[in-house]
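Analysis of the macromolecular model
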Amino acid sequence: MTSPLFNQHNAALITGAAMGIGRATALACARIGMRIAAVDLPGPDLDALEKELDSVTDNPAHTLCIAADLSEQGSAAHIFSRVTDQLGSVNLLMNNAVSREGRTFDGTTDQWRRLFDVNLWAVVEASRLFMPEMIKNGQRAAIVNVGSKQGITNPPGTPAYNMSKAAVKSFTEQLEHELRSNEQNHGQVTSHLLVPGWTTTGKNEHKQGAWLPEQVVDYMMQAIDRGSFYIVCPDDEVSSDMDNRRIIWGAEDITKDRPPLSRWHAGFREAADKACS
Ligand SMILES: NC(=O)c1ccc[n+]([C@@H]2O[C@H](COP(=O)([O-])OP(=O)(O)OC[C@H]3O[C@@H](n4cnc5c(N)ncnc54)[C@H](O)[C@@H]3O)[C@@H](O)[C@H]2O)c1
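Residues numbered from 1 in each chain as written. Predicted model: local features only at pLDDT ≥ 70, side-chain atom pairs only at ≥ 80, totals over all residues.

Some points on the nonpolar core
Within soluble globular proteins, side chains that are nonpolar tend to cluster in buried spots. If you look at the biggest cluster of nonpolar residues, it comprises 70 residues, and the most contacted ones within it are A12, L13, A26, I36, A38 and L92. Tallying contributions element by element places helix α4 (residues 109-137) first for this core, with ten residues. (Core = buried A, V, L, I, M, F, W, Y, C linked by C-beta atoms within 7 Å. Buried ≥ 20, exposed ≤ 12 C-beta atoms within 10 Å, placed from the backbone. Helix = DSSP H or I, 4+ residues; strand = E, 2+ residues; numbered from the N terminus.)

Quick notes on the sheet that holds strand β4 (residues 92-95)
Within the open sheet, the seven strands sit side by side as β3-β2-β1-β4-β5-β6-β7. Their pairing is parallel. Where the open sheet ends on each side, the last strands, each with one partner, are β3 (63-67) and β7 (230-232). Direction aside, neighbouring strands of the sheet carry axes that sit 15° apart on average. Note that strand β6 (residues 189-195) and β7 share three bridges and pair parallel. Note on β7: the bridge partner recorded for L193 is Y230. The sheet contacts of α4 involve β1 (11-15), β4, β5 (141-146) and β6, and relative to β5 the element is tilted by about 170°. (Pairing = 2+ DSSP bridges. Axes fitted to C-alpha atoms, helices over the stretch in contact; angles between N-to-C directions. Contact = placed C-beta atoms within 7 Å.)

Concerning unusual backbone geometry
Excluding glycine, residues mostly have negative phi values, and the peptide bonds linking residues are mostly trans. Phi at N154 is positive, roughly 60°, even though this residue is not glycine. Note on placement: N154 falls in the loop between β5 and α5 (159-181). The phi torsion at D257 lies on the positive side, around 55°, for a residue other than glycine. Relative to the helices and strands, D257 resides in the loop between α7 (240-255) and α8 (269-276). A residue is classified by how many C-beta atoms lie within 10 Å of it, and D257, with 7 of them, is exposed.

Remarks on the site of the ligand
As a matter of local geometry, the ligand sits amid 24 residues, with G16, G20, L70, V98 and T201 nearest to it. For the shell around the ligand, the element with the highest residue contribution is helix α1 (residues 20-32), accounting for three residues. For the shell around the ligand, the per-class residue count stands at eleven nonpolar, ten polar and three charged. (Near = placed C-beta within 6 Å. Nonpolar A, V, L, I, M, F, W, Y, C, P; charged D, E, K, R; others polar.)

Details of the pairing of strand β2 (residues 35-40)
Sheet faces and side chains relate simply in a regular strand, where the side chains alternate between the two faces. Most of β2 sits out of view: six of its six residues are buried. Two strands pair when backbone bridges link them, and β1 and β2 are joined in this way by five bridges, in the parallel orientation. If you follow A11 over to β2, its bridge partner there is R35. Note on the crossover from β1 through α1 to β2: the handedness is right-handed. Where β2 and β3 come together, five bridges link them in parallel fashion. Bridging across to β3, I36 finds its partner in T63. Once the chain exits β2 it traverses helix α2 (residues 44-56) before rejoining the sheet at β3, and the crossover so formed is right-handed. (Right-handed = clockwise from strand over helix to strand, strands pointing away.)

Dropping the structure here:
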């Protein structure tokens, strides 16, 4: 690894930056002195972030807030050209924006498609646009795609969201393999799957047991500098050991010929509770 990713010479592009984990990442990177491109839907939250970023950085030319709807085709290409023109090469691409629209079985197919446009296709497009540039630049760089435990252990209730996050996991694993197999990349460009635990974000009230977005960002920064690909955050209710046992339980649905989602199946719930909590 050439140099730490998070330093004042580097630039970060964060999607879904107006709120939650994205906002905390943008502010943390700005405090380090990094150049920041923050992407979100137009509105007061993005305007407020712009002011906050300006108050943190000593050079307003170092921040760029882009109002864009990532569900729209071509948005990734538009963002790519604006950011590279105005901030230069990007060292951190964090695909963090999320749509939770119509994520249950009651949602329409159109809603599921739009959710996929934001949660999966915007991630894929941005990663594929930035990866060759990052490799060509030869600087330390990382693509962080934000997944979810719901994309790994697949709890019932929000199928569209879980499916999109499972696809993000699969894509990012492929991306990491591609990066380490690419002969032009000598380890300077990496990718990472960030899997937050229960985190207080959006306009939600902070509840006991949840982490704050700043805790997720600290955990992520340390894990990236350590070289971890899977960054699975615990929270104050679920430890890393519990997460590991839940992931193993889910994989064993296949290897032990159990029904899918057996953790939530009446016939297996007691055994699952014992094994996983
Ligand atoms: N909060 C949690 O407990 C939790 C748990 C697991 C995973 N995650 C993941 O972490 C990431 C951040 O989640 P969060 O809870 O901080 O989110 P959040 O809801 O606080 O913020 C998401 C941001 O994405 C933006 N966004 C939504 N649709 C968009 C679009 N079409 N174009 C541009 N921007 C759009 C929103 O405006 C918002 O600012 C997400 O990928 C989420 O799936 C969060």
